[in-house]
Structure formats: structure tokens, C-alpha cells
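Summary of the model geometry
Okay, here's what each chain looks like letter by letter:
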Amino acid sequence: MSSVVEQTADRPTAAARPRRRPAAVLQGVAIALGLVLMIGGFALIAIDYRPYKIPTASMSPTLQIGDTVLARKIGGGAVGRGDVVVFRDQDWGGELMVKRVVAVGGDTVATTGAEHRLTVDGQPVEEPYLAAKGLQGESFSVTVPPGRLFLLGDNRLGSLDSRTHLEVDGGTVPAGAVEARVEATVLPFGRTGELGRSTAFDALKGPAASEPGPLQPAAYATVAGAALIVVVSAAGGVAGLARRFRRGGS
């Protein structure tokens, strides 16, 4: 004898079970994608970059007193002429400093003419980022030893840099002293933006300024992910209110 299964109100059939609306499924997918973008972008920035506060005007106008910058962790062997780097050298007092690399191992860096214009291996360098053209201070000529860097501030009249340490290894610092390469200003908000890659040394042979890291796409991903979550959540909330309103009015 076959048994009969009695259907009760406590055990609805599959057909009676509520289905998730396609809109709700799409909303969940969109929120999940937003979370992936936001968390992934933020994590990449947190792992690859470090914030630094600029204490002096030695890199003005590129970086100003009080600016907070993001610098990508990178070894000195990966930087080139034109890069703005964060470094620490005991012969310079052991403090963290930010300067621009103008010469690398094997280069002969000097100033020439009445305005003390910068030259590398005898070739004049146009430096559009300087606070003032020329006026480099005392003339000098240094051949940079292998594995070392010659660094100057963009504010050549107010920067204590390789020129003021010429008595120690020609003012150079070991490439290993570099901790990071500055890629963007994040604070104050009015000055937020990428530094951009310097092209001042591109005409010279050897390592020019390195390409920027993943900061920009990571920042875009973080912002886009957060915006997607907010928009989709708000749209879902409005749709839910509209459905309740329609049911209440029927």
C-alpha cells in the first residue's frame, strides 16, 4: 500500500517557496564586486605605499612644508635620474629626507656658466620643476661612484643636499639608503595629485626616472568600489520602499 504525504502549511512545496527577484541577485553581485574593488585597492596601497610628512621647503614648489605624500617602497637600484626619493643616510645625520636624484653611479654631475646650470656628463639639463632657474650656489663637479646617488632639492637656494656634503664621498649617498619613491601628494586636499614622471633627464643615456607604480589604478578601484556599494545600496533601499508603498496602497 502506498503512503500519502499530507501537505501542511508548515511545509510549503517548492513551487510555493519565495524566489529571489533578479534585481536582488544583481544587487548582491554588484555589492560584492564593489567590496572586492574597494578592499583590493585599499590593500594594495596599504602594502605598497607609506605616508611621509614634508618638514621643510627644500623641495618647493614640488613639495611644500606640511604636505603629506605617498611613497612606494622601492630599492635604490630601481630608481633613476629625476625620481624624488625618501632616504636615510647616517653621514647626513640619519634623518629621513626627501630629495631628487640628479645623477647615478658613473655620472659626472656639475654646474656650469654664470647661472650654475646643472649638467650631467657634460649635457645641460632643463629642470622645469625648480623654484628658480639657475642660482645653484657654488660650482662643483663630481663623478658619482658606482652604487651611489647624487641628490638635490628643487629649491636650490634653500636645500641642504649633496652640494653641502661634498667632503664626504662627493656628496653622494649609497643607493641602499633609499627607502621609497614619492609618487603623489595626498594632503592638504587642495594639493592632492600625482607628481608625475620627470622627463628632464630622458635625453641622457642610462636610467631615467622610473615608471609610476599602481597607485593611480588602486586609488580609482578603491573609490569606484565604495561608490558602487553606496549607489547600489541606495537604489535597493529606494526600490524596497517603493514595493512596500505599492503593497500598502493596494
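About the thresholds
- Residues numbered from 1 in each chain as written.
- Predicted model: local features only at pLDDT ≥ 70, side-chain atom pairs only at ≥ 80, totals over all residues.
- Heavy atoms only, no water.
- Helix = DSSP H or I, 4+ residues; strand = E, 2+ residues; numbered from the N terminus.
- Buried < 20%, exposed > 50% of the residue type's maximum accessible area, 1.4 Å probe, protein only.
- Contact = heavy atoms within 4.5 Å.
- Salt bridge = Lys/Arg side-chain N within 4 Å of Asp/Glu carboxyl O.
- pLDDT = per-residue confidence, 0-100.
- Pairing = 2+ DSSP bridges.
- Phe/Tyr/Trp six-rings, centres within 6.5 Å; stacked < 30°, edge-to-face > 60°.
- Lys NZ or Arg CZ within 6 Å of the ring centre and 35° of its normal.

**Here we look at the side chain of Arg 148**
Here Arg 148 shows up in strand β9 (residues 148–152). With relative accessibility at 16%, the residue Arg 148 sits in the buried group. Not counting residues up to four positions away in its chain, the partners in contact with Arg 148 are Val 104, Gly 105, Asp 169, Thr 172, Val 173, Pro 174 and Ala 175.

**A look at the pattern of salt bridges**
Enumeration over the complete set of coordinates arrives at 12 salt bridges. The partner of Asp 169 in a salt bridge is Arg 148, with the nearest N and O atoms 3.4 Å apart. Taken together, the residues span a long stretch of sequence, with Asp 169 in the loop between β9 and β10 (173–174) and Arg 148 in strand β9 at a distance of 21 residues. Under the relative-accessibility criterion, Asp 169 is labelled partly exposed at 42%. What you see here is one network of salt bridges that share partners, running through Arg 197, Asp 202 and Glu 211.

**Description of the confidence of the model for the protein chain**
Here the protein chain averages 84 in pLDDT, and 84% of its residues register 70 or above. Confidence over residues 1–8 falls short of pLDDT 50; this stretch has one contact with residues more than four positions distant or in other chains.

**Considering the sheet that holds strand β5 (residues 108–112)**
If you trace the four strands from one edge of the open sheet to the other, you get β7-β6-β5-β8, paired in antiparallel fashion. Here the strands that pair on one side only, and so sit at the sheet edges, are β7 (123–124) and β8 (141–143).

**Focus: the packing of aromatic side chains**
Taken as a whole, this structure holds two aromatic pairs when the rule is applied. Centre to centre, the rings of Phe 87 and Trp 92 are 5.3 Å apart; their planes meet at 80°, and the pair counts as edge-to-face. Phe 87 sits in the buried class, given a relative accessible area of 1%. Ring centres of Phe 140 and Phe 150 lie 5.4 Å apart, and the angle between their planes is 25°; on these two criteria the pair is classed as stacked. One end of the pair, Phe 140, is in the loop between β7 and β8; the other, Phe 150, is in strand β9, and 10 residues separate them in sequence. Accessibility assignment for this pair places Phe 140 and Phe 150 in one class, buried. Across the ring face of Tyr 129, the terminal group of Arg 100 is positioned such that the distance to the ring centre comes to 3.6 Å.

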